[in-house]
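Below are the chains, spelled out letter by letter.
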Amino acid sequence: MKPSYPKPHSGATRKRLSQAEYYQVYPKAKKHVQTKVKKSQEKATYNKKTYNKEYKELKFLVETKKADDFTIDMYVAIIGGRKITPKMLKAIHNIMKRSSPAELEKKRLETGRLLSKLSLVKEALHKANYHETYVYRSEDFLDSIEKQIRDRGTLSPKQKLALNKMYKRFKKKVISNESN
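Everything numeric in this text was worked out from a predicted model, so none of it was measured.

What counts and how
- Residues numbered from 1 in each chain as written.
- Predicted model: local features only at pLDDT ≥ 70, side-chain atom pairs only at ≥ 80, totals over all residues.
- Heavy atoms only, no water.
- Salt bridge = Lys/Arg side-chain N within 4 Å of Asp/Glu carboxyl O.
- Helix = DSSP H or I, 4+ residues; strand = E, 2+ residues; numbered from the N terminus.
- Buried < 20%, exposed > 50% of the residue type's maximum accessible area, 1.4 Å probe, protein only.
- Patch = residues over 30% accessible without salt bridge, like charges linked within 9 Å, V, L, I, M, F, W, Y side chains within 5 Å.
- Areas by Shrake-Rupley, 256 points an atom, 1.4 Å probe, with all protein chains shown as cover.
- Lys, Arg positive; Asp, Glu negative; His and termini not counted.
- Charge placed at Lys NZ, Arg CZ, Asp CG, Glu CD.

Right, let's talk about the pattern of salt bridges for a bit. Taken as a whole and assessed by the stated rule, the structure comprises 10 salt bridges. Glutamate 103 is the partner of lysine 106 in a salt bridge, and the nearest nitrogen-oxygen pair spans 3.4 Å. With lysine 106 and glutamate 103 both in helix α6 (residues 101–127), this residue pair falls three residues apart, about one helical turn. On the accessibility criterion, glutamate 103 (26% relative accessible area) is partly exposed. The residue glutamate 146 makes a salt bridge to lysine 122 at a minimum N-O spacing of 2.9 Å. Of this pair, glutamate 146 sits in helix α7 (residues 132–152) while lysine 122 sits in helix α6, placing them 24 residues apart in sequence. The class of lysine 122 is partly exposed, set by a relative accessible area of 22%. One network of salt bridges, in which partners are shared, links Lys122, Asp143, Glu146 and Arg150.

Let us look at a positive patch on the surface. Taken together, Lys36, Lys39, Lys43 and Lys83 make up a surface patch of like positive charges. Within the secondary structure layout, lysine 39 lies in helix α2 (residues 27–50).

Here you go:
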């Protein structure tokens, strides 16, 4: 057992300093904080002037609730006074490009095209008369593909290849069932 020593204040019960008391104890800290805030405001103003087009576009996306987390982070970087690196600027331009009306229309058309092909594959699956478990597993895969099409508007080349193989396999089974 530890011996107890009489202490008027332990380290855990020390009073936390208020901001005014802190600046009395550390007088240079206030000046340091003020200069940092001033520099940050100057950099934010510089960013808004230099990257005005990017700033307006990101602001529009954030205000219309069409922004993902990364877009919000880039917007905060501009208005917060962070230094905008060439890599960040390139990423901001990519955000602007992918949210342009032409790109959104292209994505919408691609989504429609892929969903129609997916419905053909699902139709062929149900006509093929496979075993229940195979149908369930295939439907599960096709549902995950559909979710990705709706979320991202595109598929990877391997996913497209897998869909084509499934469609051919299902069609072959349908034809063999009809000939029997």
